[in-house]
Amino acid sequence: MDYKNTRLTLYSYFRSSCSARVRTAACLKGIKLHYEYVNLLKGEQSADVYTRLNPAGTVPTLVVESPDGSNFLIRQSVAILEFFEDAFPENTPLLPSAGQPLLRAKVRDLVNIMACEFQPKTNLCVLKRVAGFGVSSPDWCKEQMVPALRTFESGMQEHAGKYCVGDSITLADVVLAPAVEGALRWGIDLQQFPQIQRVYDNIRVVPSFVDADWKHQADTPETLRA
């Protein structure tokens, strides 16, 4: 199947770090996405019209339209990133070459630190839940984010170059950027993570990362735009 002419619709929210991963990868690979916006603060993720697409009520959701009119749904950000790599292999690869299986595994290892250890613990539904026990969002996020960032920092040590793994942008950088933006939002001092700080300083100015960040989305409120 030729995915170049396939309509790809991403259900996204400007503050969602998982959505930002997908937006960034699409920008880097030159993949055209059509956007639908789901306002998490207004509870639109729980509306029937959306949960029919994604029963979990989370973003992102990627809708891949088939030529026969049927739709294929991908509801996890990392799966979407892997789909992009498989469907658009000629567009700016974001994994090391197939002949470097250990480096490919290293990138995936770093991706999964953010996908499994960092983001889920600070999701909006979790923040609402712990608030019911009198725990503030900044305190909770700092407690949960710092160990995951420390693990990521350690995992970068042997293979970091200009970016997380070597001198080419990979999926590890794609997931790092929105994670760092979230950490900064909750007041985490990056000086304790010098490798992360250095790489973030390199990627945050790359045009694709700027275009995909939370400040530059169509659904970003005017009061928060850069």
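Residues numbered from 1 in each chain as written. Predicted model: local features only at pLDDT ≥ 70, side-chain atom pairs only at ≥ 80, totals over all residues. Heavy atoms only, no water.

## Considering the UniProt feature "domain: GST N-terminal" (unreviewed entry) in the protein chain
Sequence positions flagged by UniProt for "domain: GST N-terminal" (unreviewed entry) are, in local numbering, residues 6–92. Summarising residues 6–92: 32% helix, 21% strand, and an end-to-end C-alpha distance of 19 Å. (UniProt positions renumbered as here; feature names shortened; annotations may be inferred. Helix = DSSP H or I, 4+ residues; strand = E, 2+ residues; numbered from the N terminus.)

## Here we look at the sheet that holds strand S2 (residues 34–37)
Judged by pairing direction, the sheet is mixed, and its four strands sit side by side in the order S2-S1-S3-S4 without closing on themselves. Where the open sheet ends on each side, the last strands, each with one partner, are S2 and strand S4 (71–74). Sheet twist, expressed as the average angle between the axes of neighbouring strands with direction ignored, equals 20°. Across the sheet, helix H1 (residues 17–29) is in contact with strand S1 (8–12) and S2; its angle to S1 comes to roughly 150°. Lying on the sheet, helix H3 (residues 77–87) is in contact with S1, strand S3 (61–65) and S4; it crosses S3 at an angle near 35°. (Pairing = 2+ DSSP bridges. Axes fitted to C-alpha atoms, helices over the stretch in contact; angles between N-to-C directions. Contact = heavy atoms within 4.5 Å.)

## Regarding the packing of H1 against H3
Interaxial distance between H1 and H3 falls to 9 Å at its minimum, and their mutual angle equals 10°. With respect to H3, the axis of H1 lies roughly parallel. Here Cys18, Arg21, Val22, Ala25, Ala26 and Lys29 of H1 come into contact with H3, specifically with Ser77, Val78, Ile80, Leu81, Phe84 and Glu85. Among the residues forming the contact of H1 with H3, the class breakdown is eight nonpolar, one polar and three charged. (Parallel < 35°, antiparallel > 145°, perpendicular 65-115°, else oblique. Nonpolar A, V, L, I, M, F, W, Y, C, P; charged D, E, K, R; others polar.)

## Looking at helix H4 (residues 101–118)
Helix length check: H4, at 18 residues, gives a terminal C-alpha distance of 25 Å against a target of 26 Å (1.5 Å per residue), a fit within 8%. The complete set of buried residues in H4 reads Lys106, Val107, Leu110, Val111, Ile113, Met114, Ala115 and Phe118. (Expected span 1.5 Å × (residues − 1). Buried < 20%, exposed > 50% of the residue type's maximum accessible area, 1.4 Å probe, protein only.)

## Regarding the side chain of Arg21
Residue placement: Arg21 occurs in helix H1. Excluding its chain neighbours within four sequence positions, the residues that come into contact with Arg21 are Ser77, Val78, Leu81, Met114, Ala115, Gln119, Val174, Val175 and Pro178.

## Details of the pattern of salt bridges
As a working rule, side chains carrying opposite charge can pair if their charged atoms are close by. Under the definition given, this model contains six salt bridges. With a shortest N-O distance of 3.7 Å, Arg7 and Glu65 are connected by a salt bridge. In this pair, Arg7 is assigned in the segment before S1 and Glu65 in strand S3, connecting sequence segments 58 residues apart. Glu65 sits in the partly exposed class, given a relative accessible area of 31%. Between Asp109 and Lys106 there is a salt bridge whose closest N-O contact spans 3.6 Å. Placement of both Asp109 and Lys106 in helix H4 is noted, with a separation of three residues, approximately one turn of the helix. (Salt bridge = Lys/Arg side-chain N within 4 Å of Asp/Glu carboxyl O.)

## Considering the nonpolar core
Core analysis: the largest hydrophobic core is formed by 58 residues, its most contacted members being Leu62 and Phe84. Residue contributions to this core peak at nine residues, all from helix H7 (residues 171–185). Excluding residues that lie within four positions of it along the chain, Phe84 makes contacts with Leu8, Val22, Ala25, Ala26, Lys29, Ile31, Leu33, Leu62 and Pro89. If you look at the next biggest cluster of nonpolar residues, it comprises ten residues, including Tyr13, Phe14, Val63 and Trp214. (Core = buried A, V, L, I, M, F, W, Y, C linked by side-chain atoms within 4.5 Å.)

## Quick look at the pairing of S1
Burial of S1 is extensive: five of the five residues sit out of reach of the surface. Residues Leu8, Leu10 and Ser12 of S1 are buried on one face, and the alternating residues Thr9 and Tyr11, pointing to the opposite face, are buried as well. Pairing of S1 with S3 involves four bridges; the strand directions are antiparallel. Looking at the pairing, Tyr11 lines up with Thr61 of S3. In this structure, S1 lies alongside S2, joined through four bridges in parallel fashion. Its bridge partner being in S2, Ser12 is matched across the sheet by Tyr37. Read as a crossover between parallel neighbours, the route from S1 over H1 to S2 is right-handed. (Right-handed = clockwise from strand over helix to strand, strands pointing away.)

## Structural notes on unusual backbone geometry
Here the amide bond leading from Val59 into Pro60 is cis, since omega sits at 5°, within 30 degrees of zero. With respect to the helices, strands and loops of the structure, Pro60 is situated in the loop between helix H2 (48–51) and S3. Unlike most non-glycine residues, Thr92 shows phi in positive territory, near 35°. As for its placement among the helices and strands, Thr92 is situated in the loop between H3 and H4.

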